[in-house]
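# Observations on chain architecture
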Amino acid sequence: MQLIFVIPPVSRQAQELRDFTAADMAYLKDAVDAYSLMTYDFSNSYNPGPTAPLSWMRTCIQSVISLIGGNDNPIADNVLKLGPVSNQARHQGSLGRKMDNNMSKILVGINFYGNDFVLPQGGGPILGHEYLSLLSSYKPKLSWDGFNDEHYFDYTVAQELHRVFYPSLKSLSLRLEEAKSCGAGVSIWEIGQGLEYFFDLL
């Protein structure tokens, strides 16, 4: 049996972890096998939008790096400001090696589900088969949100405008690269909720 502790994500307002501290991590480090860092559920039916904006995901990762003593090292700076970290930055000095070891217990949460929101408020999560059904029924045009790095499409039913955010190979690739670049693993929420070809990236 393995014990994995879930770390809540950074809130929109705080932009830092408030419910989980460095003291908590130090207390639990010998008792848990890994930490699963939530980097999804950024939006909800009351505030529709992307599920896991890439910039917000970087902020969540940066917050964990800060907890394990990495605030002043090249990994922390690059994850937050520049995106994926180079191998040279990851291995610079003893602190970089310490960071690699500590980050190996961090699993970055990747969502395999999406959201079908009614604008301006309403809707909720959808799974892979529901996403495929919407594509088949409405033949929508997929758009790329370059600010949040997610695909979405719009459709209208019963005079209500819907906006659907759902993972794609491109959005998943970017997020997997973020996790890999800082030496972390990934945790999928949930395996059965995605599309079969998502596994081609794992």
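Now for a look at the structure at hand. (Residues numbered from 1 in each chain as written. Predicted model: local features only at pLDDT ≥ 70, side-chain atom pairs only at ≥ 80, totals over all residues. Heavy atoms only, no water.)

### Comments concerning the overall build of the chain
For the record, the criterion: Strands are runs of DSSP state E lasting at least 2 residues, helices are runs of H or I lasting at least 4, and numbering of each runs from the N terminus. Relative accessibility thresholds used throughout: buried, under 20% of the residue-type maximum; exposed, over 50%; partly exposed, between the two (1.4 Å probe, protein chains only). Any two residues whose heavy atoms approach within 4.5 Å at even a single point are treated as in contact. Accessible areas in this description were obtained via Shrake-Rupley with a 1.4 Å probe; residue shielding takes into account the shown protein chains only.
From N to C terminus, the chain includes seven helices and nine strands. Residue burial in the chain is summarised as follows: out of 202 residues, 49% are buried. Considering only contacts within the chain whose residues lie at least 6 apart along the sequence, 65% involve residues at least 24 apart. Of the roughly 10500 Å² of accessible surface on the chain, a fraction of 52% belongs to carbon and sulfur atoms.

### Structural notes on the sheet that holds strand S3 (residues 106–111)
Counted only if it meets this: DSSP calls a pair of strands paired once it identifies at least 2 bridges connecting them. Here an angle of 0 to 180 degrees is reported between the N-to-C directions of two axes, which are lines fitted to C-alpha atoms, with helices fitted over the stretch in contact.
As summarised here, the arrangement of the four strands in space is S1-S2-S3-S9, forming an open sheet in which the pairing is parallel. Unpaired on one side and paired on the other, strand S1 (4–7) and strand S9 (185–189) mark the two borders of the sheet. For this sheet, the mean angle separating the axes of adjacent strands, direction not counted, is 35°. With five bridges connecting them, S3 and S9 associate as parallel partners. Bridge pairing links Asn111 to Trp189 in S9. The strands that helix H2 (residues 54–67) touches are S1, strand S2 (34–37) and S3; relative to S3, the one it contacts most, it runs at about 165°. Sheet strands touched by helix H7 (residues 169–181): S3 and S9. Its angle to S3, the strand with the most contacts, is close to 175°.

### A few points about the nonpolar core
We count it as follows: In this text, buried Ala, Val, Leu, Ile, Met, Phe, Trp, Tyr and Cys residues form a nonpolar core when linked through side-chain atoms within 4.5 Å.
Formed by 39 residues in total, the largest nonpolar core has its most connected members in Ile7, Met25, Tyr35, Ile61, Met103, Ile106 and Ile110. When contributions to this core are tallied by element, the ones reaching two or more residues are helix H1 (22–28), S2, H2, S3, helix H6 (128–138), strand S7 (150–157) and H7. Of all the elements, H2 adds the most residues to this core, at eight residues.

### Describing the pattern of salt bridges
Note the cut-off: By definition here, a salt bridge exists when the distance from a side-chain nitrogen of Lys or Arg to a carboxyl oxygen of Asp or Glu is within 4 Å.
For the coordinates displayed, the defined rule picks out four salt bridges. The shortest N-O distance in the salt bridge between Asp30 and Lys29 comes to 3.4 Å. On the accessibility criterion, Asp30 (69% relative accessible area) is exposed. The partly exposed category is assigned to Lys29, whose relative accessible area is 43%. Glu150 is paired through a salt bridge with Arg175; the nearest N and O atoms lie 3.8 Å apart.

### Some remarks on the pairing of strand S4 (residues 114–118)
The element S4 is extensively covered by neighbouring structure, given that five of its five residues are classed as buried. Judged by which residues are buried, S4 turns out to be covered on both faces: Gly114, Asp116 and Val118 on one side and Asn115 and Phe117 on the other are all buried. Bridge count for S4 against strand S5 (residues 123–126) is four bridges, and the pairing is antiparallel. Across the sheet, Asp116 pairs through a bridge with Gly124, a residue of S5.

### Quick notes on the sheet that holds S4
Reading across the sheet, the five strands line up as S5-S4-S8-S7-S6 and stay open at both edges, with antiparallel pairing between neighbours. Two strands close off the open sheet at either side, each with one partner strand: S5 and strand S6 (143–145). Put simply, the sheet's adjacent strands are angled 30° from each other on average, direction ignored. Contacting S4, S5, S7 and strand S8 (160–165), H6 crosses the sheet at an angle of about 55° to S7.

### Topic: the packing of aromatic side chains
Put simply, the test is: Centres within 6.5 Å make a pair out of two Phe, Tyr or Trp rings, where for Trp the six-membered ring is used; the pair is then stacked when the planes are under 30 degrees apart, edge-to-face when over 60, and tilted otherwise. Placement of a positive charge over a ring is assigned whenever Lys NZ or Arg CZ falls within 6 Å of the ring centre and within 35 degrees of the normal to the ring plane.
In this structure the tally under the stated criterion is 14 aromatic pairs. Here Tyr131 and Phe153 contribute two aromatic rings whose centre-to-centre distance is 6.0 Å and whose plane-to-plane angle is 40°, an arrangement assigned as tilted. Residue Tyr131 is found in helix H6, and its partner Phe153 is found in strand S7; the two are separated by 22 residues along the sequence. On the accessibility criterion, Phe153 (1% relative accessible area) is buried. Between Tyr131 and Tyr166 the ring centres are 4.2 Å apart and the planes differ by 15°, which places this aromatic pair in the stacked class. Of this pair, Tyr131 sits in helix H6 while Tyr166 sits in the loop between S8 and H7, placing them 35 residues apart in sequence. Given a relative accessible area of 3%, Tyr166 falls into the buried group. By the ring-pair criterion, three or more aromatic residues cluster together here, those being Phe112, Tyr131, Tyr138, Phe153, Tyr155, Tyr166, Tyr197, Phe198 and Phe199. The positively charged end of Lys170 is found above the aromatic ring belonging to Trp144, 4.1 Å away from the centroid.

The values reported here are purely geometric and, on their own, carry no functional implication.
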